[in-house]
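# Breakdown of the fold
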Amino acid sequence: MKTTNYNIRLDPVIKSKAEETFAEFGLNLSEAINVFLHMSIKRRGFPFEIREPKFKSEVLLAMRETEQIIQEHKNGIRRIKSFANAREMFAAMDLEDKLEDDDE
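Overview of the structure. As the structure is a prediction and not an experimental result, all values here were calculated from the model.

Here the focus is the overall build of the chain. Helix and strand counts for the chain come out as 4 helices and 0 strands. Since a compact globule built from 104 residues should have a radius of gyration of about 13 Å, the 24 Å found for the chain marks it as more spread out than a globular shape. Structurally, the chain occupies a C-alpha span of about 75 × 30 × 25 Å along its principal axes. Every one of the 104 residues in the chain was classed for burial, and the buried ones make up 6%. Entry remark: accessible area of the chain is about 10,500 Å², with carbon and sulfur atoms responsible for 55%. For the chain, the separation between the mean place of its 17 positive charges and that of its 20 negative charges on side chains is 13 Å.

So, in structure tokens, the structure goes:
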């Protein structure tokens, strides 16, 4: 069978875990990718269901809050602070915590 080469970039940890997983089936990574491609062609799409990830309620709440903050900023209701670096941001957070503690 004639073959062609195709280079892809992979996270080294993901690659290693995938190699271990496919080795349990007697396949190397190249063979596993070929199986994936054959099944994708046969099914005319992904050979498995793809769904949006389910997030914990705390994450969903944080995402909604972030969207609200962005919208308020766009509407001129809220000013978003920006920082030059993480150290500056954490210093500002520490100052806010100190001010809140002083108010109590």
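A separate point is the pattern of salt bridges. For the coordinates displayed, the defined rule picks out 4 salt bridges. The partner of K15 in a salt bridge is E19, and the shortest N-O contact between them spans 3.0 Å. One end of the pair is K15 and the other is E19, both in helix α1 (residues 12-23) and 4 residues apart, which spans about a single turn. Given the relative accessible area of 35%, K15 is considered partly exposed. With relative accessibility at 33%, the residue E19 sits in the partly exposed group. The closest approach of N and O atoms between E72 and R78, which form a salt bridge, is 2.7 Å.

Cut-off values and rules
- Residues numbered from 1 in each chain as written.
- Predicted model: local features only at pLDDT ≥ 70, side-chain atom pairs only at ≥ 80, totals over all residues.
- Heavy atoms only, no water.
- Helix = DSSP H or I, 4+ residues; strand = E, 2+ residues; numbered from the N terminus.
- Rg over C-alpha atoms; globule rule 2.2 N^0.38 Å.
- Buried < 20%, exposed > 50% of the residue type's maximum accessible area, 1.4 Å probe, protein only.
- Areas by Shrake-Rupley, 256 points an atom, 1.4 Å probe, with all protein chains shown as cover.
- Lys, Arg positive; Asp, Glu negative; His and termini not counted.
- Charge placed at Lys NZ, Arg CZ, Asp CG, Glu CD.
- Salt bridge = Lys/Arg side-chain N within 4 Å of Asp/Glu carboxyl O.

Such coordinate-based values are descriptive only and should not be taken to indicate function.
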